[in-house]
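Structural overview
This is what each chain is made of:
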Amino acid sequence: DAGVIQSPRHEVTEMGQEVTLRCKPISGHDYLFWYRQTMMRGLELLIYFNNNVPIDDSGMPEDRFSAKMPNASFSTLKIQPSEPRDSAVYFCASSLILGDEGIGNTIYFGEGSWLTVV
Amino acid sequence: GQNIDQPTEMTATEGAIVQINCTYQTSGFNGLFWYQQHAGEAPTFLSYNVLDGLEEKGRFSSFLSRSKGYSYLLLKELQMKDSASYLCAPEGYSGGYQKVTFGTGTKLQVIP
């Protein structure tokens, strides 16, 4: 079974440009998470979806960031306009709720999108 | 809210035992994950504890004390390939939804 698939793997862009990161979760999974990882702040949860519906976007840093999940097999994270401080690794992850209220369901990560804004 | 504390770095010798501690304060706490992350790679699942006590899985064991908000990951018979970051991740449950928050991780260096 294919894992979580992210694209692009690496992107270098100029400040002010729009960046779109893409994710295909594991088939059948009903949770999708977007995380950002930096040396200073570690792995931060930006937003997560359940059955394509955004549940909690309190981790989205500001209005320049937006995320969508138009269907169960695709999600995007968009940064517009991008800034140098957005440089980080962006991970998409998914999980499947089973059993008693979904407790302890393993989150599977994609390989990450390495973003550099210059 | 979420508050997770674990050491930033640790060094241990090949063949030895190392314990990585984690304290947390998590709303609606359910259980706690440990993930391993090698440099330049994605985090991968190691263990999950929901009950108090020690869960053993080969060379790796994980302990949880719910009342103390404390967990540790124990790595035995260390190998060079165990050099990685280890992420403590408590799971909260609120309003019918699962939410997992990660600590900043402990970077473990295994030396010969």
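This write-up is about the structure you can find in this document. Quick caveat: nothing in here was measured; it's all calculated off a predicted structure. (Residues numbered from 1 in each chain as written. Chains lettered and ligands numbered in written order. Predicted model: local features only at pLDDT ≥ 70, side-chain atom pairs only at ≥ 80, totals over all residues. Heavy atoms only, no water.)

**Things to note about the layout of surface pockets**
If you add up the space inside the largest pocket, you get close to 600 Å³. What lines the largest pocket is a set of 23 residues, among which Gln37(A), Met39(A), Gln37(B), Ser85(B) and Lys107(B) lie closest to the centre. In the lining of the largest pocket, the residues fall into eight nonpolar, 12 polar and three charged. Within this model, the second largest pocket holds a volume of roughly 240 Å³. As for the second largest pocket, its lining consists of 12 residues, and the residues nearest its centre are Arg41(A), Leu43(A), Glu44(A), Thr101(B) and Phe102(B). Residue assignment for the lining of the second largest pocket shows that the elements contributing at least two residues are strand E5 (42-50) of chain A together with strand E1 (2-5) of chain B. Looking at the lining of the second largest pocket, its residues break down into four nonpolar, six polar and two charged. (1 Å grid on protein atoms, 1.4 Å probe; cavity = no way out; pocket = protein on both sides within 12 Å on 5 of 7 lines; lining within 4 Å. Points joined across faces, edges and corners; volume = space filled by probe spheres on them. Nonpolar A, V, L, I, M, F, W, Y, C, P; charged D, E, K, R; others polar. Helix = DSSP H or I, 4+ residues; strand = E, 2+ residues; numbered from the N terminus.)

**Details of the interface of chain A and chain B**
Contacts between the two partners involve 27 residues from chain A and, on the opposite side, 21 residues from chain B. For the pair chain A and chain B, the number of links is one salt bridge. One salt bridge in this structure joins Asp56(A) and Lys99(B), with 2.9 Å as the shortest N-O distance. The tally of links from chain A across to chain B stands at four residue pairs in polar contact (both at pLDDT 80 or more). Of all the elements in the fold, those that place two or more residues in the side of chain A that touches chain B are strand E4 (31-38), E5, strand E6 (53-56) and strand E9 (88-95) of chain A. With five residues, E5(A) is the largest single contributor of residues to the side of chain A that touches chain B. Per-class residue counts for the side of chain A that touches chain B are 13 nonpolar, 10 polar and four charged. (Contact = heavy atoms within 4.5 Å. Salt bridge = Lys/Arg side-chain N within 4 Å of Asp/Glu carboxyl O. Polar contact = N/O pair within 3.5 Å; in protein donor to acceptor, adjacent residues only side chain to side chain.)

**Looking at the packing of aromatic side chains**
Applying the stated criterion to the full structure yields 19 aromatic pairs over all chains. A ring pair is formed by Phe109(A) and Tyr35(B), whose centres lie 5.8 Å apart and whose planes are at 80 degrees; its orientation type is edge-to-face. Of the two residues, Phe109(A) is situated in strand E10 (residues 108-109) and Tyr35(B) in strand E4 (residues 29-37); the pairing between them involves two chains. The two residues Phe109(A) and Tyr35(B) agree in class, both being buried. Aromatic pair Tyr24(B) and Phe29(B): ring centres 4.6 Å apart, planes at 20 degrees, arrangement stacked. Each of the two residues, Tyr24(B) as well as Phe29(B), counts as buried. Put simply, the rings of Tyr31(A), Phe33(A), Tyr35(A), Tyr48(A), Phe91(A), Phe109(A), Phe33(B), Tyr35(B), Phe45(B), Tyr48(B) and Phe102(B) pair up and form one aromatic cluster. (Phe/Tyr/Trp six-rings, centres within 6.5 Å; stacked < 30°, edge-to-face > 60°. Buried < 20%, exposed > 50% of the residue type's maximum accessible area, 1.4 Å probe, protein only.)

**Overview of the state of the cysteines**
One way to say it: the disulfide is the covalent bond shared by the sulfur atoms of two cysteines. Under the defined criterion, the tally for this structure stands at two disulfides over all chains. At a sulfur-sulfur separation of 1.9 Å, the disulfide partner of Cys23(A) is Cys92(A). Disulfide Cys23(A) to Cys92(A): torsion about the S-S bond roughly -70 degrees, handedness left-handed. Of the two residues, Cys23(A) sits in strand E3 (residues 19-24) while Cys92(A) sits in strand E9, which places them 69 residues apart along the sequence. Cys92(A) matches Cys23(A) in its accessibility class, with the two residues each being buried. Bridging Cys22(B) to Cys88(B), the disulfide has an S-S length of 2.0 Å. In this structure, the disulfide formed by Cys22(B) and Cys88(B) twists by about -70 degrees around the S-S bond and is classed as left-handed. (Disulfide = S-S within 2.5 Å.)

**Digging into the pairing of strand E3 (residues 18-26) of chain B**
Residue and element names in this part refer to chain B. The side-chain alternation of E3 yields one buried face, formed by Val18, Ile20, Cys22, Tyr24 and Thr26, and one unburied face, formed by Gln19, Asn21, Thr23 and Gln25. The pairing of E3 with strand E8 (residues 70-75) spans six bridges and is classified as antiparallel. Counted as the bridge partner of Gln19 is Leu74 from E8. (Pairing = 2+ DSSP bridges.)

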